[in-house]
Amino acid sequence: MTRTPDEAAGGTDVVKAKPWYRQLYVQVLVAIVVGIVLGWRRPDLGTSMEPIGTTFVTAMKMLIGPIVFLTIIGGIAGVADLKKVGRTGVKALAYFQIGTIVALGAGLVAINLFPLGAGVHADVGELDTTGDAGQYIEEGEHQHWWEFLTNLVPHSFFGAFVEGDILQVIFLAVIFGIALKMVGRTGEPIIATVNRLTEVVFKVLSFVMKAAPLGAFGAMAFAIGKFGLSTLTSLGSLILLFYVTSILFVVVVLGAVLAAYVKLNIFQLLRYFKEELLLVLGTSTAEPALPGLMRKLQYMGVDRPTVGLVVPTGYSFNLDGAAIYLSLASLYIAQATDTSLSAGQQLGLLAVMLLTSKGAAGVAGGGFIALTATLSTVGHVPAAGIMLVFGIDKFMSECRALVNFCGNAVATLFVARWENGLDLERARRVLAGQPVESLPEHTAAEEGIDDRSGAMPLRKERGVVGTEKRSADQGVQEVPGPRPADDASSAVPSRPV
């Protein structure tokens, strides 16, 4: 049954919805606008705001490793049959590869239809390859396609967390999760501890998220102050082509996948994740939005194990925005340096990019490293040509991150539907902003999200009295973690898997 906010409160204090000016997405949007204006009018002052943005992003990245590790362990421990874990992983990787091929193809088609590099006639010998770009070129030239496999195993347990390598964290989490599941009752106290630790980590996350407007302001002010709006005009046509291609990919390709198979609306999904999308736009990276993506997908009705496995893995293997950029930039450099590529050579370039795009996942400057590795492997296009697009990369990184985020949201819903791990009726009602049935006790306490658009009580039997604020349309303002489990059995999902 559905409940009004008053009925949901069950005698506890009723919390009214926050006024619009206290909504996180409004604050982030205002901060982005203020950052743009400051960087444009006072470039020197805007550039000095860099520490504000980088500190926020660093604080978010600090939590990504523990969140991914604990969530995957909890998800695997909650699966009745370990075969489901392997089956979900294989299906996710299959989807990621097909999605990457389509994204790479979209970039190739766009730059062939609009050959913006033709007529540039750039002299590679005159390009300055010093500084950060030169370092990326050097790393890319020594990058091998198989390195993402050899780097999967960390040198030490804590090394994966110190380096912030998500793939290594996933590797450790999967092994530990399977081991805990296989030891049976011996692992139950540890699983309960994992649930309690997850609650603490997500509470820390809620503290950090309060600084999101400051982080978005600092990052945007620095970008505009350092590179200037004039940079947009020099290669504006390439930026425009990339943005249009990316928008069409999200709306047409991802929208078609979502509508045809999952039976959901892409525009409703984008509205549902508007807070996370604005956060990605402001910080130019999708990592700060990873926790919010996981929590909201679970609230929509995606089972916990699927979210825990697919979302973190997708952040390393399902980079649709990066794939579009990679193919588009490669062909643009070839055109600008008067390097002629046949259709067969372009397809060969696509095959190489399928591998190199995975090799630099999670690495600083990974886009340029992957681009250089691709050009060096093919050998036809001079790697130094990346200097032609280096100046505008900051203005394209936001779009890459936004498309990556959207691609992973759709991928998780697709795999969940494939694995019968999606409550479709609940997802439709949540996206439409309609009241939904209260979640089972385990899930409701875990999500801390209202089953209508008002407030949801935290259960007294869990030792917590009060309400949490939530709007299905507005998104999560404060994202609490799972409530402590009374026993190991609480780790079992409420729906069959």
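Residues numbered from 1 in each chain as written. Predicted model: local features only at pLDDT ≥ 70, side-chain atom pairs only at ≥ 80, totals over all residues. Heavy atoms only, no water.

Along its length, the chain carries 24 helices and 2 strands. Taking the intrachain contacts of the chain between residues at least 6 apart in sequence as the baseline, contacts between residues at least 24 apart amount to 80%. By element, 63% of the accessible surface of the chain is carried by carbon and sulfur atoms, the whole surface being about 20,400 Å². (Helix = DSSP H or I, 4+ residues; strand = E, 2+ residues; numbered from the N terminus. Contact = heavy atoms within 4.5 Å. Areas by Shrake-Rupley, 256 points an atom, 1.4 Å probe, with all protein chains shown as cover.)

For the rest of this paragraph, the subject is helix α10 (residues 188-209). Spacing of three or four residues puts side chains on the same side of an α-helix, whose turn is 3.6 residues. The end-to-end C-alpha distance of α10 is 32 Å, a good match for the 32 Å that 22 residues give at a rise of 1.5 Å each. Taken together, the buried positions of α10 are Ile191, Ala192, Val194, Asn195, Thr198, Glu199, Val201, Phe202, Leu205, Ser206, Val208 and Met209. (Expected span 1.5 Å × (residues − 1). Buried < 20%, exposed > 50% of the residue type's maximum accessible area, 1.4 Å probe, protein only.)

To continue, consider the nonpolar core. Counting 122 residues, the largest nonpolar core has Leu269, Met300 and Leu413 as the members making the most contacts within it. Among the elements that make up this core, the one with the highest residue count is helix α22 (residues 393-418) (14 residues). If near-sequence neighbours (up to four positions away) are discounted, Leu269 is found in contact with Leu258, Met300, Ala409, Val410, Leu413 and Leu431. Within the second largest apolar cluster, 5 residues are counted, among which are Ala31, Leu38, Met49 and Ala221. (Core = buried A, V, L, I, M, F, W, Y, C linked by side-chain atoms within 4.5 Å.)

A few words now on the pattern of salt bridges. For the coordinates displayed, the defined rule picks out 4 salt bridges. Between Lys91 and Glu419 there is a salt bridge whose closest N-O contact spans 2.6 Å. Within this pair, whereas Lys91 is found in helix α5 (residues 82-113), its partner Glu419 is found in the loop between α22 and α23 (424-431), the two being separated by 328 residues in sequence. Side by side, Lys91 and Glu419 carry an identical accessibility label, which is buried. Each of Arg87, Lys91 and Glu419 takes part in salt bridges that share partners, so that together they form one network. (Salt bridge = Lys/Arg side-chain N within 4 Å of Asp/Glu carboxyl O.)

Scanning all chains against the criterion turns up 14 aromatic pairs. On the basis of an interplanar angle of 80° and a centroid distance of 5.4 Å, the ring pair of Phe69 and Phe161 is categorised as edge-to-face. Remark: Phe161 occurs in helix α8 (residues 159-163) and Phe69 occurs in helix α4 (residues 50-77); sequence separation between them is 92 residues. Ring geometry for Tyr95 and Phe414: centres 4.8 Å apart, planes at 35°, overall tilted. You can see Tyr95 sitting in helix α5 and its partner Phe414 sitting in helix α22, a full 319 residues away along the chain. On the accessibility criterion, Phe414 (16% relative accessible area) is buried. Linked through ring pairs, Phe69, Phe157, Phe158, Phe161 and Phe176 together constitute an aromatic cluster. Arg41 extends its terminal NZ or CZ atom over the ring of Trp40, reaching a point 5.0 Å from the ring centre. Over the ring of Tyr272 we find Lys296; its NZ or CZ atom is 5.3 Å from the centre of that ring. (Phe/Tyr/Trp six-rings, centres within 6.5 Å; stacked < 30°, edge-to-face > 60°. Lys NZ or Arg CZ within 6 Å of the ring centre and 35° of its normal.)

Relative orientation of the contacting elements helix α2 (residues 24-41) and helix α15 (residues 274-283) amounts to 25°, with a least axis distance of 9 Å. On the basis of the axis angle, α2 is roughly parallel to α15. Once α2 is placed against α15, the crossing between them reads as left-handed. In contact with Leu24, Tyr25, Val28, Leu29 and Ile32 of α2, α15 contributes Lys274, Glu275, Leu278, Leu279, Leu281 and Gly282. (Axes fitted to C-alpha atoms, helices over the stretch in contact; angles between N-to-C directions. Parallel < 35°, antiparallel > 145°, perpendicular 65-115°, else oblique. Left-handed = near helix turned anticlockwise from the far one by under 90°.)

This brings us to the packing of α4 against helix α9 (residues 166-182). Running from amino to carboxyl end, α4 crosses α9 at an angle of 30°, the nearest separation of the two axes being 8 Å. Considering the angle they form, α4 stands roughly parallel to α9. Here the hand of the crossing between α4 and α9 comes out right-handed. Listed contacts from α9 to Ile64, Gly65, Val68, Phe69, Ile72, Ile73, Ile76 and Ala77 of α4 are Ile166, Val169, Ile170, Leu172, Ala173, Val174, Phe176, Gly177, Ile178, Leu180 and Lys181. Residue composition of the contact of α4 with α9, by class: 16 nonpolar, 2 polar and 1 charged. (Nonpolar A, V, L, I, M, F, W, Y, C, P; charged D, E, K, R; others polar.)

Turning to the side chain of Asn318, a few remarks are in order. When you line up the elements, Asn318 lands in the loop between α17 (304-317) and α18 (320-336). A polar contact of 3.2 Å, which involves the side chain of Asn318, links it to the backbone oxygen of Gly407. Ignoring any residue separated from it by four or fewer positions in sequence, one finds Asn318 in contact with Tyr95, Phe96, Thr313, Asn404, Gly407, Asn408 and Ala411. (Polar contact = N/O pair within 3.5 Å; in protein donor to acceptor, adjacent residues only side chain to side chain.)

Take the side chain of Thr245 next. Its location among the elements puts Thr245 in helix α13 (residues 236-262). What Thr245 contacts, discounting residues up to four positions off in sequence, is Ala106, Ala110, Ile324 and Leu328.

Looking now at the environment of Gly35. Tracing the chain through its elements places Gly35 in helix α2. For Gly35, the residues in contact, after removing those within four places along its chain, are Phe217, Met220 and Ala221.

Turning to its location among the elements, Leu281 is positioned in helix α15. Assessed through its relative accessible area of 29%, Leu281 is described here as partly exposed. Residue contacts for Leu281: discarding those within four places in its chain leaves Ile32, Met220, Glu398 and Leu402.

Another point: the confidence of the model for the chain. Residues at a pLDDT of 70 or more form 72% of the chain, whose mean pLDDT is 75. Averaged pLDDT values for the elements of the chain fall to 33 in strand β1 (residues 455-457) and rise to 95 in helix α14 (residues 266-272). Note that pLDDT drops below 50 for residues 1-15; the model gives that stretch 30 contacts with residues more than four away or on any other chain. Here residues 441-497 is a poorly scored stretch, pLDDT under 50, and it has 157 contacts once near neighbours within four places are set aside; other chains count. (pLDDT = per-residue confidence, 0-100.)

Before going further, it helps to examine unusual backbone geometry. The backbone of Asp338 sits at a positive phi, close to 55°, despite the residue not being glycine. Positionally, Asp338 belongs in the loop between α18 and α19 (343-359). With relative accessibility at 48%, the residue Asp338 sits in the partly exposed group. Backbone geometry places Asn420, a non-glycine residue, at a positive phi of 55°. Its place among the elements puts Asn420 in the loop between α22 and α23.

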